[in-house]
Amino acid sequence: MNKPGFNMEKAVSMLFPVLLAAVAWLLGQISSFQSRLISIESKIPILITEGGVIIDSPQSAAARQEMKDDLMKHIHDLQVRVKLIEERNK
């Protein structure tokens, strides 16, 4: 059954260190994922309240306020233009 020159015991003994290294790598990856998950879970209370409401960071609140101010300026400008066009057409 076995081919001449092929020794199963020799093949297994050669592959054993590779398999052992693969298992060790997998265990290391599992440990890494676990520590990353714990880190993420510890940051969740900072981002979301118990009621499920997202908490703003100061940077996003400032950026949103700046965007709102810009939009209000544009809206005001458009309102003035519409008013002028309406007055011209009278």
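Each remark here, short or long, concerns the structure printed above.
Residues numbered from 1 in each chain as written. Predicted model: local features only at pLDDT ≥ 70, side-chain atom pairs only at ≥ 80, totals over all residues. Heavy atoms only, no water.

With respect to the overall build of the chain
Regarding its fold elements, the chain presents two helices and zero strands. In terms of overall size, the chain is more extended than a compact globule, its C-alpha atoms giving a radius of gyration of 33 Å where 90 residues would be expected to give roughly 12 Å. Each principal axis of the C-alpha distribution contributes one length, and for the chain these read about 105 × 35 × 20 Å. Residue burial in the chain is summarised as follows: out of 90 residues, 0% are buried. (Helix = DSSP H or I, 4+ residues; strand = E, 2+ residues; numbered from the N terminus. Rg over C-alpha atoms; globule rule 2.2 N^0.38 Å. Buried < 20%, exposed > 50% of the residue type's maximum accessible area, 1.4 Å probe, protein only.)

Looking at the environment of L71
Note on placement: L71 falls in helix α2 (residues 58–89). For the pair L71 and P17, spaced 54 residues apart in sequence, the C-alpha separation works out to 64 Å.

What to know about the pattern of salt bridges
Taken as a whole and assessed by the stated rule, the structure comprises one salt bridge. The shortest N-O distance in the salt bridge between D77 and R81 comes to 3.2 Å. Of this pair, D77 and R81 both sit in helix α2, four residues apart, roughly one helical turn. When its relative accessible area of 48% is taken as the criterion, R81 is described as partly exposed. (Salt bridge = Lys/Arg side-chain N within 4 Å of Asp/Glu carboxyl O.)

Points about a nonpolar patch on the surface
On the surface, I40, I44, I46, L47, I48 and I54 cluster together into a nonpolar patch covering about 600 Å² of accessible area. In this structure, L47 sits in helix α1 (residues 8–47). (Patch = residues over 30% accessible without salt bridge, like charges linked within 9 Å, V, L, I, M, F, W, Y side chains within 5 Å. Areas by Shrake-Rupley, 256 points an atom, 1.4 Å probe, with all protein chains shown as cover.)

Things to note about α1
Residues spaced three or four apart along an α-helix point in a common direction, a consequence of the helix completing one turn every 3.6 residues. Spanning 40 residues, α1 covers 57 Å between terminal C-alpha atoms, matching the ideal 58 Å at 1.5 Å per step. Maximum bend of α1: about 30°, positioned at L15, with proline P17 one to four residues after it. For α1, the N-terminal capping position is held by N7, with its side-chain oxygen 3.2 Å away from the main-chain nitrogen of E9. (Expected span 1.5 Å × (residues − 1). Bend = angle between axes of the 7 residues up to and from the residue. Polar contact = N/O pair within 3.5 Å; in protein donor to acceptor, adjacent residues only side chain to side chain.)

Section: the environment of F6
Relative to the elements of secondary structure, F6 occurs in the segment before α1. Judged by relative accessible area, which is 47%, F6 ranks as partly exposed. With 41 residues separating them in the primary sequence, F6 and L47 have C-alpha atoms 61 Å apart.

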